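Here is what each chain is made of, one letter per residue.
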Amino acid sequence: MTRILHSLDDISDRYDAVFCDLWGCLHNGVRPFPAAVEALTTFRARGGKVVLITNAPRPARFVGEQLDRMGVPRAAWDLIVTSGDAAQDAMFAGAVGRKVWHLGPSKDDGFFTDVPAAWAGRAEIERVPFEEAEGIICTGPFDEVNEVPEDYRPRFLAAKTRGLPMLCANPDVVVDMGEKRIYCAGALAALYEDMGGRALYFGKPHPPIYDMARRRLLEIHDTDDSRILAIGDGINTDVAGAMGEGLDVLFVTGGLAVDQFGPDAEAPDPDLLAAWLGARQQSPQYSIGKLR
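Residues numbered from 1 in each chain as written. Predicted model: local features only at pLDDT ≥ 70, side-chain atom pairs only at ≥ 80, totals over all residues. Heavy atoms only, no water.

Novice: I'd like a rundown of the nonpolar core, residues and numbers included.
Specialist: Ranked by size, the top nonpolar core spans 35 residues in total, and within it Leu40, Leu52, Leu229, Ile231 and Leu250 carry the most contacts. Breaking this core down by element, the ones donating at least two residues are strand S2 (17–20), helix H1 (34–45), strand S3 (49–54), helix H2 (60–70), strand S12 (228–232), strand S13 (248–252) and strand S14 (286–288). Here this core takes five residues from H1, the largest share from any one element. In this view, Leu250 contacts Leu5, Leu8, Leu229, Ala230, Ile231, Gly232, Tyr286, Ser287, Ile288 and Leu291; residues no more than four positions away in its chain are not counted. By size, the runner-up hydrophobic cluster in this structure holds 24 residues, among which are Ile53, Ile209, Phe261 and Leu273. (Core = buried A, V, L, I, M, F, W, Y, C linked by side-chain atoms within 4.5 Å. Buried < 20%, exposed > 50% of the residue type's maximum accessible area, 1.4 Å probe, protein only. Helix = DSSP H or I, 4+ residues; strand = E, 2+ residues; numbered from the N terminus. Contact = heavy atoms within 4.5 Å.)

Right, here's the structure in full:
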């Protein structure tokens, strides 16, 4: 049975590093959570390393700039690893062809223009109209505030008929942007697969993003998996992914599933939590209402 914690301090001495999710744990897409910022800053001050591991479909640099604008201090983290980083490697390797149609908002243009040093000067990727594409790069809906996956069914039917593979740069299905829940690339990729199309994933819960996080952590601190704690609010991404990698997990119940565990987001009801986790066949070592 999962152990419900009061704070990260309850177990922080057991771990050298944390792999911490962003949306729902450190911020809500609009503003940071002060208690979560303090928890991570304190963990670092005591010698721990904080790797922010997110399914954002943009390279880490852009996520860092977004955190700066939001007011998250650099003292709260050491590294950022994104689904965009892992998916970029696959794209530049030609996983879905060299001529691609980009399905996503213009804010994700950095996925194409911020070329990693390892791929500089090598085979280029060309963004082309849908009719000329060999594959699809999906970073989300064009209009994430107003569109839903079903809006894309006609286009996906055409794509499936042509046999176009889709690279999904963000496996998340939904996130909460402030008070509004919006669809992510994962929801579009799921619909495409339901229709018979083929989708490739590189963010949580899939191994490539964890492999990249471990490599980058090793560059600044030598530790093993038993000393790494994953933190996240996504049961099918953060929790399933970390457990699949053999990492301990702290499940933040006050995120995406906040309405499932009683009236107090800070204090999940143990019986409701146990039943909910059991129905999903997941057993994170720890749970907490809000990261603090």
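Text resumes after the structure shown.
Novice: So, the packing of aromatic side chains: which residues are in play, and what are the values?
Specialist: Under the defined criterion, the tally for this structure stands at 10 aromatic pairs. Between Trp101 and Phe142 the ring centres are 6.0 Å apart and the planes differ by 70°, which places this aromatic pair in the edge-to-face class. On the criterion of sequence distance, the pair formed by Trp101 in strand S5 (residues 99–103) and Phe142 in the loop between strand S7 (135–138) and helix H5 (153–162) is long-range, its members being 41 residues apart. Under the relative-accessibility criterion, Phe142 is labelled partly exposed at 40%. Each member of the aromatic cluster is reached from another via a ring pair, and the members are Trp101, Phe130, Phe142, Tyr152, Phe156 and Tyr192. In this arrangement the basic side chain of Arg162 is found over the ring face of Phe130, its NZ or CZ atom lying 5.1 Å from the centre. Geometry around Phe33 places Lys290 over its ring, the cationic atom sitting 5.5 Å from the centre. (Phe/Tyr/Trp six-rings, centres within 6.5 Å; stacked < 30°, edge-to-face > 60°. Lys NZ or Arg CZ within 6 Å of the ring centre and 35° of its normal.)

Novice: If you had to explain a nonpolar patch on the surface to someone new, which residues and values would you point to?
Specialist: A contiguous nonpolar patch, built from Val148, Val173 and Tyr183 and spanning about 220 Å² of accessible area, is present on the exposed surface. Along the chain, the position of Val173 falls in the loop between strand S8 (165–168) and strand S9 (174–177). (Patch = residues over 30% accessible without salt bridge, like charges linked within 9 Å, V, L, I, M, F, W, Y side chains within 5 Å. Areas by Shrake-Rupley, 256 points an atom, 1.4 Å probe, with all protein chains shown as cover. Salt bridge = Lys/Arg side-chain N within 4 Å of Asp/Glu carboxyl O.)

Novice: Residues and numbers for unusual backbone geometry, please.
Specialist: Here the amide bond leading from Lys204 into Pro205 is cis, since omega sits at 15°, within 30 degrees of zero. Here the phi dihedral of Gln281 falls at roughly 55°; this positive angle occurs in a residue that is not glycine. With respect to the helices and strands, Gln281 occurs in the loop between helix H9 (270–279) and S14.

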